[in-house]
Amino acid sequence: MRTSPLVVNTARAGLVLRELVEQDAGALHALLQASKAHLTRLGNFTAIAAADLAAVAAELAAQQPAPLSFAVVEGDAMVGRVDLVAVDPPRYGLGYWLAPWATGRGLATLAVLALLEYARDDLHASDVYAGVTHNNHASAAVLHRTGFDRVADMGSYSRYHRRLAPEGATMS
Ligand SMILES: CC(C)(COP(=O)(O)OP(=O)(O)OC[C@H]1O[C@@H](n2cnc3c(N)ncnc32)[C@H](O)[C@@H]1OP(=O)(O)O)[C@@H](O)C(=O)NCCC(=O)NCCS
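Attention here is on the structure that accompanies the text.

What counts, and at which threshold
Residues numbered from 1 in each chain as written. Predicted model: local features only at pLDDT ≥ 70, side-chain atom pairs only at ≥ 80, totals over all residues. Heavy atoms only, no water. Core = buried A, V, L, I, M, F, W, Y, C linked by side-chain atoms within 4.5 Å. Buried < 20%, exposed > 50% of the residue type's maximum accessible area, 1.4 Å probe, protein only. Helix = DSSP H or I, 4+ residues; strand = E, 2+ residues; numbered from the N terminus. Contact = heavy atoms within 4.5 Å. Phe/Tyr/Trp six-rings, centres within 6.5 Å; stacked < 30°, edge-to-face > 60°. 1 Å grid on protein atoms, 1.4 Å probe; cavity = no way out; pocket = protein on both sides within 12 Å on 5 of 7 lines; lining within 4 Å. Points joined across faces, edges and corners; volume = space filled by probe spheres on them. Nonpolar A, V, L, I, M, F, W, Y, C, P; charged D, E, K, R; others polar.

### Observations regarding the nonpolar core
Then comes step 1: If you look at the biggest cluster of nonpolar residues, it comprises 37 residues, and the most contacted ones within it are Leu17 and Leu94.
Then comes step 2: When residues in this core are grouped by element, the largest group, eleven residues, is from helix H5 (residues 107-122).
Then comes step 3: Not counting residues up to four positions away in its chain, the partners in contact with Leu94 are Asp83, Val112, Leu115, Val128, Tyr129, Ala130, Leu143 and Phe148.
Then comes step 4: Counting 15 residues, the second-largest nonpolar core is a separate cluster that includes Ala25, Leu39, Leu60 and Met78.

What follows is the structure, given as structure tokens:
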């Protein structure tokens, strides 16, 4: 049983990933509400953005054997979220979003790189996959900057893949 939320450092001082726990439900729900138009404008995140507080709390209360969901925290402020999805360990899926006011400064890139390092070193992940709708250029750019390759056209979206480097190597 973990006593306090896990914190994963990024390469930028003051920017960390902090394990999401049930007590974060209010702040996360408020951030989702404030980010709703930004998150849903390309047809993604519609169910997530529509979730009420109870649904957000229930999702965070579901215990995982290891932390997979993290708030992106800048200073004291939650500005987004990154997730690993245990699709078929050691292969994982990846998700990420930022509040609209937190975009344009490289925070998603830094957060994803930190999450990949955590996935490799703590979860012993071998491969990470992500799906991006074709017109989501900002998201595709995050994946290019973090070492993913586009591996398949899935119709409405592209599948991206990154094989993780051996433990000890720097993620860049
Ligand atoms: C996808 C999403 C997280 C990308 O956010 P983002 O801010 O563009 O990505 P980053 O945080 O990595 O920032 C990159 C931008 O900061 C700039 N930047 C500044 N410093 C940087 C640095 N040190 N490293 C990388 N980029 C930097 C880049 O040039 C880029 O600017 P540009 O948009 O003018 O080209 C955001 O658009 C979002 O939340 N979208 C809605 C949810 C979503 O689609 N999620 C993904 C689903 S697959």
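Here the narrative resumes, following the displayed structure.
### Observations concerning the packing of aromatic side chains
Then comes step 1: Throughout the structure, instances matching the rule amount to one aromatic pair.
Then comes step 2: Ring centres of Phe70 and Tyr118 lie 5.2 Å apart, and the angle between their planes is 75°; this geometry places the pair in the edge-to-face category. Residue Phe70 is located in strand S3 (residues 69-74), and its partner Tyr118 is located in helix H5; the two are separated by 48 residues in the primary sequence.

### Let's talk about the layout of surface pockets
Then comes step 1: Roughly 970 Å³ of internal volume is contained in the largest pocket.
Then comes step 2: Lining the largest pocket we find 45 residues, and of these Phe45, Gly95, Tyr96, Trp97 and Ser139 sit closest to its centre.
Then comes step 3: The element contributing the most residues to the lining of the largest pocket is strand S5 (residues 91-98), with eight residues.
Then comes step 4: A per-class count over the lining of the largest pocket returns 25 nonpolar, twelve polar and eight charged.

### Digging into the environment of Leu28
Then comes step 1: Among the secondary structure elements, Leu28 is positioned in helix H1 (residues 25-34).
Then comes step 2: As for Leu28 and Ser4, which are separated by 24 residues in sequence, their C-alpha atoms are 18 Å apart.
Then comes step 3: Apart from residues lying up to four places away in sequence, Leu28 is in contact with Leu20, Val56, Leu60, Met78, Arg81 and Trp97.

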